[in-house]
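In case you want the letters, here they are:
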Amino acid sequence: MPQIRPIHSIQTYAVRHPVLRPGKPVETCVFDGDDLNSTSHFGLFDNSELRGVASLFRNNHPGFREERQFQLRGMAVLEEYQGFGYGRQLVQSCEDETRRRAGELLWFNAREGAVGFYENMGYKITGKAFLINGIGMHYVMFKRI
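As the structure is a prediction and not an experimental result, all values here were calculated from the model. (Residues numbered from 1 in each chain as written. Predicted model: local features only at pLDDT ≥ 70, side-chain atom pairs only at ≥ 80, totals over all residues. Heavy atoms only, no water.)

Caption draft 1: Structural context of the nonpolar core. Among the nonpolar cores identified, the biggest contains 30 residues, and L72, Y118, Y123 and M141 are the most heavily contacted of them. Every element with two or more residues in this core is listed here: helix 1 (9-20), strand 2 (40-46), strand 3 (49-58), strand 4 (69-77), helix 2 (86-100), strand 5 (105-111), helix 3 (115-119) and strand 7 (136-144). Setting aside chain neighbours within four positions, we find L72 in contact with A54, S55, L56, V91, C94, L106, W107, F108 and Y118. Counting five residues, the second-largest nonpolar core is a separate cluster that includes F64, W107, V140 and F142. (Core = buried A, V, L, I, M, F, W, Y, C linked by side-chain atoms within 4.5 Å. Buried < 20%, exposed > 50% of the residue type's maximum accessible area, 1.4 Å probe, protein only. Helix = DSSP H or I, 4+ residues; strand = E, 2+ residues; numbered from the N terminus. Contact = heavy atoms within 4.5 Å.)

Structure, rendered in structure tokens:
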């Protein structure tokens, strides 16, 4: 049975690197704000193996009016474990943490290929697609919590 628990930012690199930054230096897995007290990192473990990660940042997007916004970043599941519902469980954990911390909105930059996954979880696109150099096209997506 998979278990989600808090992890340290450095533990996220084992999943962030192969899924989100393949072929790039591991240093590209370090995100601004990773080690702030207001940032939470979650790891999904199955049989004691880390199979997915997600990070939650206290960060406001200028396109939203809510005062207490959180940003989901680095949500990734190792390729061989995708399709088992692990991503959904990680996002739900971030939603739960957002509620626990009295957050009003959860937003993120979604890769073009992940939009359908997030739409199925009730997230909506705002604005137009934009390019993150070296990574690809993204959309800002959000859900009011």
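After that view, the rundown keeps rolling.
Caption draft 2: Layout of the layout of surface pockets. Taken as a whole, the largest pocket encloses approximately 740 Å³ of empty space. Lining the largest pocket are 32 residues, and of these L20, M75, A76, R111 and Y118 lie nearest its centre. Elements represented by at least two residues in the lining of the largest pocket include exactly helix 1, strand 4, helix 2, strand 5 and helix 3. By residue number, the principal contributor to the lining of the largest pocket is strand 4, which donates seven residues. Grouping the constituent residues of the lining of the largest pocket by class yields 18 nonpolar, nine polar and five charged. (1 Å grid on protein atoms, 1.4 Å probe; cavity = no way out; pocket = protein on both sides within 12 Å on 5 of 7 lines; lining within 4 Å. Points joined across faces, edges and corners; volume = space filled by probe spheres on them. Nonpolar A, V, L, I, M, F, W, Y, C, P; charged D, E, K, R; others polar.)

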